[in-house]
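Structural features, examined
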Amino acid sequence: MSTREDQVFDAVVRRIAAGGYIDEVAASRLAPLRPAPPAAVAEAQELAGRSLPSLLRRLYLEVGNGGFGPGYGLLGLRNGHRTGGLDALTGLKGGVLTLCDWGCGISSELNLADGQVWGYDPNPAPDGVSCTFPQHMTIVDWFSKWVEGTLYQPWLVQDPTTGEWRGATDAEYAEMIEEAFGPSGPED
């Protein structure tokens, strides 16, 4: 019997095989994927001071050194997929790996200490408010939502009831998309 992680890995591979495997890049502009060399994974783990989650390590070693996934694609390790001059190692400090760039300074990050994905959205945050917030998902959840088409970019919002700043819920994000683009969402 396969694990959920194996199922998500297989779903990612199927989505890539179907083409259009970076959300924000036209399929005609996508480069072929090349797996990361084991030395690049070892370097990332050494810099972080801990192992990468097994799904992420497997995707880097068997699928591609970044260059697929949400936003502008999973950032690669050494000599892998870069966005805006950054790779996943650029911000690797304290065990936090930048997963992808969504544009406008927004990114998804993985805390390697607890395995949780965090969002970073500097756009609406007033002075003194952290731009980083928990997304309440693991890397397995993150890729699962991506292949299902239900992964939204991190979005910092002010709670209408409490006034606290936090990450938007899926329902809030869907409502914002509907308000901006109508019930059928943005056209591709």
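In short, a report on the structure. Since we're looking at a predicted model, the values are computed, not measured. (Residues numbered from 1 in each chain as written. Predicted model: local features only at pLDDT ≥ 70, side-chain atom pairs only at ≥ 80, totals over all residues. Heavy atoms only, no water.)

Here's the deal with the pairing of strand E1 (residues 96–103)
For a regular strand, the rule is simple: side chains alternate between the two faces of the sheet. Here E1 lies mainly inside the structure; six of its eight residues are buried. Note that E1 and strand E2 (residues 106–111) share six bridges and pair antiparallel. The residue of E2 that forms the bridge with Gly-103 is Ile-106. (Buried < 20%, exposed > 50% of the residue type's maximum accessible area, 1.4 Å probe, protein only. Helix = DSSP H or I, 4+ residues; strand = E, 2+ residues; numbered from the N terminus. Pairing = 2+ DSSP bridges.)

Concerning unusual backbone geometry
One non-glycine residue, Asn-79, lies in positive phi territory at about 60°. Along the polypeptide, Asn-79 turns up in the loop between helix H3 (54–62) and E1. Using a relative accessible area of 73% as the deciding quantity, one classes Asn-79 as exposed. The phi dihedral of Cys-104 is positive, around 55°, even though this residue is not glycine. Among the structural elements, Cys-104 can be located in the loop between E1 and E2.

Quick word on the packing of aromatic side chains
Two descriptors summarise a pair of aromatic rings, namely the distance from one centre to the other and the angle between the planes of the rings. Inspection of every chain in the model, using the stated rule, returns five aromatic pairs. Summarising the aromatic geometry, the rings of Phe-143 and Trp-146 are spaced 6.3 Å apart at their centres and angled 80° between planes, so their arrangement reads as edge-to-face. Taken together, the positions of Phe-143 and Trp-146, both in helix H4 (residues 139–148) and three residues apart, correspond to about one turn of that helix. The same class applies to Phe-143 and to Trp-146, which are both buried. Their ring planes at 80° and their centres at 5.9 Å tell us that Trp-155 and Tyr-173 sit as a pair that is edge-to-face. Residue Trp-155 is found in the loop between H4 and strand E5 (156–158), and its partner Tyr-173 is found in helix H5 (residues 170–181); the two are separated by 18 residues along the sequence. By relative accessible area, Tyr-173 is classed as buried at 11%. In this structure an aromatic cluster arises from ring pairing among Phe-68, Trp-142, Phe-143 and Trp-146. (Phe/Tyr/Trp six-rings, centres within 6.5 Å; stacked < 30°, edge-to-face > 60°.)

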